[in-house]
Every structure is written in C-alpha cells, then in structure tokens.
Amino acid sequence: MFYYLLKYVLLGPLLRMVFRPRIEGLEHVPSSGAAIVAGNHLSFSDHFLMPAVLKRRITFLAKAEYFTGPGLKGRLTAFFFHSAGQIPVDRSGKEAGQAAIREGLGVLDKGELLGIYPEGTRSHDGRLYKGKVGVAVMALKAGVPVIPCAMIGTFEAQPPGRKIPRIHPVVIRFGEPLDFSRYAGMENEKAVLRAATDEIMYAILTLSEQEYVDQYAADAKAADAERGPEEKRRFPRVPRG
C-alpha cells in the first residue's frame, strides 16, 4: 500500500516533475509474469527513479545497511525501505550471497518483477564494472527473462557522497529481454553462469555507453581509495557516456 502511495502521490510525481526523465524501451518490460530487471548502478537516486517510471511494482534487493542505520535517520530510512517492499541483503560472504538468491527467487516465484544491480554496489566513478553471477543463477533457476536497463545521468545528478540531487537530464533505457532458456538445468556450471552474466553486462553496456572495467566494483573502489591525492589529480577518472 505504501509503495503505491510513494509511487503515485508522494514521491513519483515529484521525481518525474523535477528530473523529467526520458524513458526509452519501456515496451520491453513485460506487463505480467516474473522477470528480472538488471541495471547499472550510478546513484542512490536509481532506487527511486526506475520504480517511478515502471508501470508495474518492482522489488529490489537492497543492501542491509539501509535497514540498520543508527538514530532517527536510520529508523526513518529502514521504515521507508521496508514500507516500499524492498528486501535487505547482507552482502558479506558467500552464504550471504546464497541468502540473497533465495530472497530473489521468492519474489520471482510470485510472478513479480525483481530489480537487481549485478555490479553489487554503486559505481564510484561512473564506469560499468564486472557483474556478479547471482543474477544469472536466479534467471536460470527461475527460468525468467532478464531485461537490461541503463540509468544515464544519475551519476551527474547525485554522485556518491552528494546528499541532495542536482537537476540534471536523466534517461532510463530498457533493452530487449534476454532469454537464457538454452542454459536450463545448468545453473551450477560456473562457465555458464559467467557467460550469461557477461551477456547481461554487455547488454547494459550497449544501452549505457559507459566505459567498462573487467573488475568487480568493490575491489576497484578499494583500490581507488588507496590512491594518493597527487595520483588522483594526475590521473583523474572521468565517466563516459
């Protein structure tokens, strides 16, 4: 109930009025039945802009930190995400990944839309990073299509560390559904999962026109944090697309 109140009354109209996002390829999102929407992740705003433009409800696997923050702000954030039907996911360790897959499959079993960011975390520099194979595991186990999605302009509107978004043109682009039925029953084959995940990431890359990095985002973020101020000034990383 609160999800639709946010979407149609409290937040959705405001987001559409302020950002006036241009929507492309919305016809690729099925009007019924289970499917995964896999997108790039550039900004905290992504959580709200994509649901605001979709005609159907979508449930995201959200990081557990959004539900466990301290103080009044933490409680309000947790209330917001719980009320919006988002599912907390602990992203630390292999067992946590299995729990996320179980939660995602539960959403798909109900014939709903599941939103996921295969990179696993927000891009810290606007580039597209290597996808984790959990999205492929769920697609193969549930036998559902994957709709690639590109958020364009949200990094400039609200890059990491910026609390209040600035006004910036935003494009939300959906691609044709990807069918992985040819891999049915092969969800335990590592090579198959890697191939399917790479196919999803290539589709996102084609839509977003970002620079691609064949490295996990969390590892790249940690490595970038170790770069000294002088090195960052000499070799800045500028997003493309």
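What you are looking at is a predicted structure, and each value in this text was computed from that prediction instead of being measured. (Residues numbered from 1 in each chain as written. Predicted model: local features only at pLDDT ≥ 70, side-chain atom pairs only at ≥ 80, totals over all residues. Heavy atoms only, no water.)

**Student:** I'd like a description of the overall build of the chain, backed by residues and values.
**Tutor:** Along the backbone of the chain there are 10 helices and nine strands. Sorting the 241 residues of the chain into buried and exposed places 49% on the buried side. Considering only residue pairs separated by 6 or more positions, the chain has 78% of its internal contacts joining residues 24 or more positions apart. For the chain, the exposed surface amounts to about 12,300 Å²; the carbon and sulfur share of it is 57%. (Helix = DSSP H or I, 4+ residues; strand = E, 2+ residues; numbered from the N terminus. Buried < 20%, exposed > 50% of the residue type's maximum accessible area, 1.4 Å probe, protein only. Contact = heavy atoms within 4.5 Å. Areas by Shrake-Rupley, 256 points an atom, 1.4 Å probe, with all protein chains shown as cover.)

**Student:** I'd love a proper account of helix H3 (residues 46–53), names of residues and values included.
**Tutor:** In terms of residue burial, H3 counts as a mostly covered element, since eight of its eight residues are buried. Taken as a whole, H3 has its buried residues at Asp-46, His-47, Phe-48, Leu-49, Met-50, Pro-51, Ala-52 and Val-53.

**Student:** Go over the sheet that holds strand S3 (residues 58–63), please, and point to the residues and values.
**Tutor:** Read across the sheet, seven strands follow the order S1-S8-S7-S2-S5-S3-S4 without closing on themselves; strand pairing throughout is mixed. In the strand order of this sheet, the two ends are held by strand S1 (22–24) and strand S4 (87–89), each with one partner. This sheet shows a mean twist of 25° between the axes of neighbouring strands, independent of strand direction. Taken together, the three bridges between S3 and strand S5 (residues 113–116) define a ladder with parallel strand orientation. Residue pairing across strands places Thr-59 opposite Leu-114, the latter belonging to S5. Relative to strand S2 (residues 35–39), helix H6 (residues 134–142) is tilted by about 165°, and along the sheet it contacts S2, S3, S5 and strand S7 (146–152). Strands S2, S7 and strand S8 (171–174) of the sheet are contacted by helix H8 (residues 190–208), whose axis makes an angle of about 35° with S7. (Pairing = 2+ DSSP bridges. Axes fitted to C-alpha atoms, helices over the stretch in contact; angles between N-to-C directions.)

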